[in-house]
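Read off the chains here:
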Amino acid sequence: MAAFDKIQGVMDKTVAPIASKVANSKIIDALMGGMMCTLPILLGVSVIAILINFPIPGLSEWIASSGLKDMGNAILSVTMNMMGIYIAFFVGLRWGKACGLSGYNGGVITGAVFLSFIPLQSFEDIPMASFINTSYMGSSGIFVALVLGLIVPKVTAILLSKLELKLPEMVPPMVASSLSPIFGAIVLFSVVWLAKWGLTFTPWGNLFDMINTLLGTPISYVGSSPFAYIVVCTLQSVFWFFGVHPNVMLNFYAPVIMALGAANTEAIIAGEALPYGAWAIVALGTAIGGQGNALGISLSLFFAKSERFKAIRGIAFVPSFFNISEPLMFGLPVVLNPTYFIPFVLNIPICGAIVQLLYSLGLGAGYNPTIQLPWVLPQPVIAFMQGGGGCLIISLVVLVVSVLMYTPFTLMADRQALKEEAEEAALAE
């Protein structure tokens, strides 16, 4: 721990002041607080995600045959896979209060604007019916939700300051608070209407496809080298830090992944050397617990002493152990938390370089791409099953390196949390 203390001392003088100023921003508070409000949803359904995908002989078959898997997937579809709408509401709610909006106006209006931008689709055999494509509410919509969560409440507050409906004092407060935003809401949704119409004349057609395409198009041009994969994953970490789910960019890189995976599979079936073995091992060793080897963050929390970090550790460790990192990303949070920006972004290039070095030394030579396992299995288990002891060693080395990278930053944040808890305790006495 002496080495950590020295590193922490340096960071307390350099990184901590900057992180503290950024963290004290009202905008950052609204974003982080809004995302943390989704924690009960994420934790509530994470157990379902693990159970319906966990490969226990007999149990998985029974869950599927009994209909529990279908029901579980249905619940996941409207919770974990639709986080965009929840984030839009909570961020809009918190930022709306900071902007002076009363009640739930900030959250409700932001959520309505978010839904308004989603394109509707029609049933061919039912002319009068239409449906919302819920894929826009999931990973494709989180970044849009964050942006709208900051823009909509601020615009609404400005409009209300100019167009607020003044009602007589005899009107009950509950009725007055509901009616006062009417004129401002009319202007706001008229702008949304025109903006949505204008987007139909663009190559993308809607706000969600425009943002996701502009962010993801560069990924489609990345090649098949291990370095290219590291670049892609590093960009995913950068965007994930700002609230863009890694799956958004992964969708554009998916054709490359499928092509290289198929080439490796064909080679091993033919008894030939893997043409993209180094690429596959890098991919295997850079997703332990989720994007940015997030399991390392969960393990670093075991060095924390503050009650806040102990609580987060208790609820986020198990999901991240099974590669579900959203409770950690939104609960700690890591997203938009300046303390974790440096290690979260640098983790992939550093660990990727280590994986390449270990692979060049002969570890991972037994990797077999024909062995496909459920994604909720702990990553070291997947590594061992697919590549034996060599891949397991690579996985464990990456995990240790990740813990060492994240721990100094966790200790820095933990020290600040301890200070805040001591101040709150002193005020309570």
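Residues numbered from 1 in each chain as written. Predicted model: local features only at pLDDT ≥ 70, side-chain atom pairs only at ≥ 80, totals over all residues. Heavy atoms only, no water.

Some points on the overall build of the chain
Across its full length, the chain carries 19 helices and 2 strands. The proportion of buried residues among the 429 residues of the chain is 45%. Once local pairs closer than 6 in sequence are excluded, the contacts in the chain between residues at least 24 apart make up 75%. Counting only carbon and sulfur atoms, one obtains 70% of the accessible surface of the chain, whose full area is about 20400 Å². (Helix = DSSP H or I, 4+ residues; strand = E, 2+ residues; numbered from the N terminus. Buried < 20%, exposed > 50% of the residue type's maximum accessible area, 1.4 Å probe, protein only. Contact = heavy atoms within 4.5 Å. Areas by Shrake-Rupley, 256 points an atom, 1.4 Å probe, with all protein chains shown as cover.)

Examining the packing of helix H6 (residues 83–98) against helix H8 (residues 142–163)
The contact between H6 and H8 brings their axes to 8 Å, and the two run at 25 degrees. As judged from the angle between their axes, H6 and H8 are roughly parallel. Viewed along their axes, H6 and H8 form a crossing whose handedness is right-handed. Two secondary-structure elements touch here, H6 through Gly84, Ile87, Ala88, Val91, Gly92, Trp95 and Gly96 and H8 through Ile142, Ala145, Leu146, Gly149, Leu150, Pro153 and Lys154. Class assignment for the residues of the contact of H6 with H8 results in 9 nonpolar, 4 polar and 1 charged. (Axes fitted to C-alpha atoms, helices over the stretch in contact; angles between N-to-C directions. Parallel < 35°, antiparallel > 145°, perpendicular 65-115°, else oblique. Left-handed = near helix turned anticlockwise from the far one by under 90°. Nonpolar A, V, L, I, M, F, W, Y, C, P; charged D, E, K, R; others polar.)

Structural notes on unusual backbone geometry
In this structure, Pro333 follows Leu332 across a cis peptide bond, with omega equal to -15 degrees. Positionally, Pro333 belongs in the loop between helix H17 (326–331) and helix H18 (341–360). Phi is positive for Asn293, which is not a glycine, with a value near 50 degrees. Note that Asn293 resides in the loop between helix H14 (277–284) and helix H15 (295–300).

Topic: the nonpolar core
Of all hydrophobic cores here, the largest spans 63 residues; its most connected members are Ile87, Phe114 and Leu332. Ranked by residue count, the leading element in this core is H8, at 7 residues. In this structure Ile87 touches Met35, Thr38, Gly92, Ile142, Ala145, Leu146 and Phe330, once residues within four positions along its chain are discounted. (Core = buried A, V, L, I, M, F, W, Y, C linked by side-chain atoms within 4.5 Å.)

Quick word on the packing of H6 against helix H7 (residues 105–116)
Where H6 meets H7, the closest approach of the two axes is 7 Å, and the angle between their N-to-C directions is 140 degrees. By crossing handedness, the relation of H6 to H7 is classed as right-handed. Listed contacts from H7 to Gly84, Ile85, Ala88, Phe89, Gly92, Leu93 and Gly96 of H6 are Gly106, Gly107, Val108, Thr110, Gly111, Phe114 and Leu115. Considering only residue class, the contact of H6 with H7 consists of 7 nonpolar, 7 polar and no charged.

Details of a nonpolar patch on the surface
Judged by side-chain polarity, Leu163, Ile182, Phe183, Ile186, Val187 and Val191 come together as a nonpolar surface patch covering roughly 470 Å² of accessible area. When its relative accessible area of 32% is taken as the criterion, Leu163 is described as partly exposed. (Patch = residues over 30% accessible without salt bridge, like charges linked within 9 Å, V, L, I, M, F, W, Y side chains within 5 Å. Salt bridge = Lys/Arg side-chain N within 4 Å of Asp/Glu carboxyl O.)

With respect to the environment of Leu146
If you trace the backbone, Leu146 turns up in helix H8. On a C-alpha basis, the gap between Leu146 and Gly243 in space is 7.2 Å, while along the polypeptide they are 97 residues apart.

A few points about the packing of aromatic side chains
Under the criterion given, the structure shown has 12 aromatic pairs. Aromatic side chains Tyr136 and Phe208 sit 5.3 Å apart centroid to centroid with 45 degrees between the ring planes, which places their arrangement in the tilted category. In this pair, Tyr136 sits in the loop between strand E2 (126–132) and H8 while Phe208 sits in helix H11 (residues 207–216), placing the two residues 72 residues apart along the sequence. Residue Tyr136 shares its accessibility class with Phe208, and that shared class is buried. Ring plane angle 85 degrees and centroid distance 5.0 Å describe the contact between Trp197 and Phe201, whose orientation is recorded as edge-to-face. Residue classification places Trp197 among the exposed residues on the basis of a relative accessible area of 54%. Aromatic rings pair up to connect Phe302, Phe317, Phe321 and Phe322 into one cluster. (Phe/Tyr/Trp six-rings, centres within 6.5 Å; stacked < 30°, edge-to-face > 60°.)

Notes on the side chain of Thr79
Its location among the elements puts Thr79 in the loop between helix H5 (68–78) and H6. At 2.6 Å, the side chain of Thr79 forms a polar contact with the backbone oxygen of Ile75. With sequence-adjacent residues up to four places away left out, Thr79 is seen in contact with Ile41, Val45 and Tyr86. (Polar contact = N/O pair within 3.5 Å; in protein donor to acceptor, adjacent residues only side chain to side chain.)

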